[in-house]
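# Chain and residue survey
Read off the chains here:
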Amino acid sequence: MVQIPKTPAPASSAPRSVPTSADVARLAGVSRATVSYVLNNTGAVRISEPTRRRVHEAARELGYVPHAAARSLRAGHSRTVLMPAPAFPVGPLYSRFIGELQWALGRLDYTVVQYGTTGPHGDEAARAWAELRPVAVLVPGSLGPRGVEILRRSGARAVVTFGPEPVEGAHALLMDHETVGHRAARHLHDRGRRRIGVVMPEEDGLEVFSAPRLEGARRAVDGTDATVTGLPLAYEERSAARLAARWRSLGLDAVFTYNDEYAMLLMRALQDEGVAVPAETALIGADDLMLGRLLRPRLSTVRLELPSGRDLAALVDRAVHDPGATPERHEVLGATVVHRESS
């Protein structure tokens, strides 16, 4: 067992005084009001750039940071945007989107806080989020009208959901994942493939995306001589090897692998089993990740277009300033096939 060594007590445990805005004002040679205007990014009052620099330098020297609760009381609401962490595994595409969104909200003087997924769900989760009194909540998962009402009553001015259906009382970014599966299967069908497999990830939380993609693939070949078969697959080498070992017995000549990461996993397993891609089995993923272009054969994919982080940040800001406005609905998931060597 590895033990964590005890840290010796400091020579003096006397608490240091917490710096205040008055201390910053004295050091910078300005009024406390000026300190407040500068550090709260107030645009209504014009303050010269040299004065702004003096205030920021004084605050850094003293280690002063504004008190968020006090600022919230003055403004009548907080500047905290709460983002519950997704209850599903996220890939590079979603991570880039979240990074851009956080940057854009920061430029608008909001503080983004991510909330862990363990614990309550649905309305109970909304109550836990409401305790933090965020000004806005961005929900990348399920939330019902009751949850939206709970957040609104707690002071949240904007609730934005990501999903296939709008939720009453919330702004909605509508993501039609059926289209992703439809485009992939239609591409394979147009390439002459008739027995199409569709990977269904076994990881918890992904069924909200994989089920519509499977339905979209089935819709793409409805009324034709083609068939679509769902293929459960865990994101691990052993699972892919087991599927590849029985591939020829399945009689499939094409596969949509849910996304590029599952495509890489399955392609390697098929090649290890001696199944030629694309000669025996055409293969297409989704997300258009850089690694897909480095595979041999290069990976065909469905390129997804997520909303701009700046556009979503602007939506949040509009909702915060006009909480009574009619909720906005935006279809935000574009899907375009990129044909490469694997199909």
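The coordinates are above.
One structure accompanies this document, and this report is about it. (Residues numbered from 1 in each chain as written. Predicted model: local features only at pLDDT ≥ 70, side-chain atom pairs only at ≥ 80, totals over all residues. Heavy atoms only, no water.)

Taken as a whole and assessed by the stated rule, the structure comprises 15 salt bridges. Across the pair E149 and R153 runs a salt bridge whose closest N-O atoms are separated by 2.8 Å. Within this pair, E149 and its partner R153 are both found in helix α7 (residues 145–153), separated by four residues, close to a single helical turn. Residue class for R153 comes out exposed when judged on its relative accessible area of 67%. (Salt bridge = Lys/Arg side-chain N within 4 Å of Asp/Glu carboxyl O. Helix = DSSP H or I, 4+ residues; strand = E, 2+ residues; numbered from the N terminus. Buried < 20%, exposed > 50% of the residue type's maximum accessible area, 1.4 Å probe, protein only.)

End to end, helix α5 (residues 92–107) covers 23 Å across 16 residues, agreeing with the expected 22 Å (1.5 Å per residue, within 8%). Among the residues of α5, those classed as buried are L93, Y94, F97, I98, L101, A104 and L105. Buried positions in α5, seen along its axis, are confined to an arc of 130 degrees and lie on one side of it. Looking at the buried side of α5, the elements it contacts are β1 (80–84), β2 (111–115), β3 (136–139), β4 (158–163), β10 (300–305) and α14 (309–321). Downstream of α5 by one or two residues, D109 has phi in the positive range, about 70 degrees. (Expected span 1.5 Å × (residues − 1). Arc of directions from axis to C-beta. Contact = heavy atoms within 4.5 Å.)

If you trace the six strands from one edge of the open sheet to the other, you get β2-β1-β3-β4-β5-β11, paired in parallel fashion. Strand pairing shows two members of the sheet lacking a second neighbour, β2 and β11 (329–331), which therefore form its edges. For this sheet, the mean angle separating the axes of adjacent strands, direction not counted, is 15 degrees. As judged from the four bridges shared by β4 and strand β5 (residues 171–174), these two strands associate in the parallel manner. Paired with F162 across the two strands is L173, which belongs to β5. Across the sheet, α14 lies against β1, β3, β4, β5 and β11, angled at about 145 degrees from β4, the strand it touches most. (Pairing = 2+ DSSP bridges. Axes fitted to C-alpha atoms, helices over the stretch in contact; angles between N-to-C directions.)

Here we take up the pairing of β5. For a regular strand, side chains alternate in direction, first toward one face of the sheet and then toward the other. Burial along β5 is two-sided: H171 and L173 and A172 and L174, pointing in opposite directions, are all buried. With three bridges connecting them, β5 and β11 associate as parallel partners. Following the sheet pairing, L173 is matched in β11 by H330.

Because each turn of an α-helix spans 3.6 residues, side chains separated by three or four positions end up pointing in the same direction. Among the residues of helix α10 (residues 237–245), those classed as buried are S239, A240, L243 and A244. For α10, the angular spread of the buried residues around the axis is 135 degrees, confining them to a single face. Opposite the buried face of α10, at more than 90 degrees from it, the exposed residues are E237, R238, R242 and A245. Summarising the contacts, the buried residues of α10 are in contact with β7 (227–233), α11 (247–250) and α12 (260–272).

Reading across from one edge, β7-β6-β8-β9-β10-β12 is the order of the six strands in this open sheet, with mixed pairing throughout. Only two strands of the sheet have a single partner each, and these edge strands are β7 and β12 (334–338). Neighbour-to-neighbour, the strand axes of the sheet open up by a mean angle of 20 degrees, direction not taken into account. Strands in contact with helix α9 (residues 207–221) are β6 (195–201), β7, β8 (254–256), β9 (282–286) and β10; relative to β6, the strand with the most contacts, it is inclined by about 170 degrees.

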